[in-house]
Structure formats: C-alpha cells, structure tokens
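Close look at the chain arrangement
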Amino acid sequence: MRKNIVAGNWKMNKTLQEGTAFIAELKQTLAGKSLGCDVVIGAPFIHLATIAEQAKGSAIGIAAENCADKAEGAYTGEVSAAMVASTGARYVILGHSERRAYYGENDAILSEKLALALANGLTPIFCIGEVKEEREAGKHFEVVAQQLEGTVFGLSAEDFSKVVLAYEPVWAIGTGLTASSAQAQEVHAHVRQLIASKYSAQIAEDCTILYGGSCNASNAKELFGQPDIDGGLIGGASLSVEKFLPIIEAFNK
Ligand code: 13P
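Predicted, not measured: the structure shown is a model, and the values here were computed from it.

Quick word on the overall build of the chain
Across its full length, the chain carries 12 helices and 8 strands. Over its C-alpha trace the chain gives a radius of gyration of 17 Å, about what one expects of a compact globule, namely 18 Å for 253 residues. Sequence separation of 24 or more characterises 72% of the internal contacts of the chain that already satisfy a separation of 6 or more. When the accessible surface of the chain is split by element, carbon and sulfur atoms take 52% of a total near 11,100 Å². The chain carries 21 positive and 29 negative side-chain charges, and their two centres are separated by 4 Å.

Some words on the pairing of strand 1 (residues 5–9)
Burial within strand 1 is extensive, with 5 of its 5 residues counted as buried. Side chains Ile 5, Ala 7 and Asn 9 project from strand 1 onto one buried face, and the interleaved Val 6 and Gly 8 project onto a second face that is buried too. In terms of strand pairing, strand 1 meets strand 2 (residues 38–43) through 5 bridges, oriented parallel. Considered in strand 2, the bridge of Val 6 is made with Val 39. In this view, the connection linking strand 1 to its parallel neighbour strand 2 by way of helix 1 (residues 16–30) has right-handed handedness. Note that strand 1 and strand 8 (residues 231–234) share 4 bridges and pair parallel. Opposite Val 6, over in strand 8, you have Gly 232 as the bridge partner.

Structural notes on the site of the ligand
Taken together, the neighbourhood of the ligand is formed by Asn 9, Lys 11, His 96, Glu 168, Ala 172, Ile 173, Gly 174, Gly 213, Ser 214, Leu 233, Gly 235 and Gly 236. Within the backbone of Ser 214, a nitrogen or oxygen atom sits 2.8 Å from an oxygen atom of the ligand. Contact with the protein chains removes 95% of the 310 Å² of surface that the ligand exposes when unbound. Broken down by class, the residue content of the shell around the ligand amounts to 3 nonpolar, 7 polar and 2 charged.

Looking at helix 12 (residues 241–249)
Buried residues of helix 12: Val 241, Phe 244, Leu 245, Ile 247 and Ile 248, and no others. Along helix 12, the residues classed as buried sweep out an arc of 160° about the axis, all on the same side. For helix 12, exposure combined with an orientation more than 90 degrees from the buried face picks out Glu 242 and Lys 243. For helix 12, the secondary structure elements touched by its buried residues are strand 1, helix 1, strand 2, helix 11 (220–224) and strand 8.

Description of the environment of Glu 158
In this structure, Glu 158 sits in helix 8 (residues 157–160). In the structure, Glu 158 is positioned 41 residues away from Tyr 199 in sequence and 9.8 Å away in space, judged by C-alpha atoms.

Quick notes on the rules
- Residues numbered from 1 in each chain as written.
- Predicted model: local features only at pLDDT ≥ 70, side-chain atom pairs only at ≥ 80, totals over all residues.
- Heavy atoms only, no water.
- Helix = DSSP H or I, 4+ residues; strand = E, 2+ residues; numbered from the N terminus.
- Rg over C-alpha atoms; globule rule 2.2 N^0.38 Å.
- Contact = heavy atoms within 4.5 Å.
- Areas by Shrake-Rupley, 256 points an atom, 1.4 Å probe, with all protein chains shown as cover.
- Lys, Arg positive; Asp, Glu negative; His and termini not counted.
- Charge placed at Lys NZ, Arg CZ, Asp CG, Glu CD.
- Buried < 20%, exposed > 50% of the residue type's maximum accessible area, 1.4 Å probe, protein only.
- Pairing = 2+ DSSP bridges.
- Right-handed = clockwise from strand over helix to strand, strands pointing away.
- Near = heavy atom within 4 Å.
- Polar contact = N/O pair within 3.5 Å; in protein donor to acceptor, adjacent residues only side chain to side chain.
- Nonpolar A, V, L, I, M, F, W, Y, C, P; charged D, E, K, R; others polar.
- Arc of directions from axis to C-beta.

As structure tokens, then:
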C-alpha cells in the first residue's frame, strides 16, 4: 500500500534557532492529532542532528535536501549519505530542479547519490519535472520519462520500491503558478504507467508520487484528491506552521 506524505522543503531558509522553534511548534501542534499522512521536514544539513533528536517520538520524519555522490574521503564541504543517516534523518531529497539547474546535477551524478542514499538506509524523495519551455512544447510526458529512465529506472525492483517520487513542474516552483489538478494528475498517471511498464503493476500501485510547485492551503485538498497524487513536496508554505498545517490537514477526510 502506498503512503500519503506531506513533506516540507525549507531549501536555504532558517537559522538553526528558527528551525528548532519551528519543529517545537509543529510537534506540539500535531501531538495527539490523528493524521491522514506521514509528515516530513526537509532541512539544511546543519539542522539535521538537532531537529531529528527533537522530532523523536513525534509524527515528524526528517529529510536532508541533498547528499554527496561519493561515499567518503577528500571532498571538502560535502556531506555523505552515511553522515545524513547518522543524524537520525530518514529521508533525502534528490534531483531537485534547483540542484539540477544551479549545481549541474545530471543523471549520472544523481544515480550515484541514489545508490549511496539507499545503501545507507535513507528513503530518497526523488524529484522530476519539466521546465516552462518543455511544457509549452508539449514535451512534459517525454521529459519525465527521460528523467526516470536515466536515474531511478536503473535501480532493481527492490530498491525502486523504497523510493518516493515527486513531480515538480519547474514553472510552478516558487512562482505561485500551480499546475491545475488535472495537469498534475495526468503526469502522475503517466509516471505510474511508466513504472508499471518498467517494473510491475503492483510496484506502480505502491509507489508514492508527490506533487510539488506552489502547493498551499487553498489548493492542497483538490490536488491530493486526485487518484494518482499521494501528497505534496512543499517549499514556501512549509516555512511556517500556520501555512503548513492546513496542507497536512488536507488529508483528514
Ligand atoms: P514552492 O512550494 O515554494 O513552489 O516550492 C516547491 C518545491 O520546490 C519543493 O521542493
């Protein structure tokens, strides 16, 4: 059975003090509530050990926003998947369009990161999605197929089953332009079909596929109501509990 997940991605926001204040508030707010989804917070590396400790015993899982494509050694400034796992974080966001666009992450690099994340017991939240020009040229189905083919589709069925996917159309990220629920649903259904062809109908059925891109309190319920949308990867609206909570609650039927 696939899981519903609402995951925040803080990106490069929040000092350590702001991060811990957020987790304290979210933990207190969620305590005793019955939730219709798993809750994950993706945070900068320096926050991970502290907030993973803070989140113990709560419904909140912690994600890194990246990890190195090398296991260990002389790679100044990098943080390995093993180091991420040692903080108590259980997830790692990989393949975000900002990493692809600003830090040159390509399929080969992302395949290394995926393998290391999985080898260290982390759940990758793997992002795919087309840019505006590709959407306008009607190439979005083709683009996501290529992104999957070059990365997660290189995994064994067993490893692929551990991956969470996130469809994030780049033109909808941070722009206030959300994909309509119909636009998102048709890509999610396409992705699920590709998984079925590559692996099996059961693996496709069990794969959690999140939507990301200007998802907020006012559109979450409609997006999450689509048959192939299993939750969201939330940027801007994950920066305050006030904005994030209603997105989590969009799953409470
Ligand atoms: P926004 O929700 O700010 O559009 O960001 C989405 C995103 O990139 C999450 O990874």
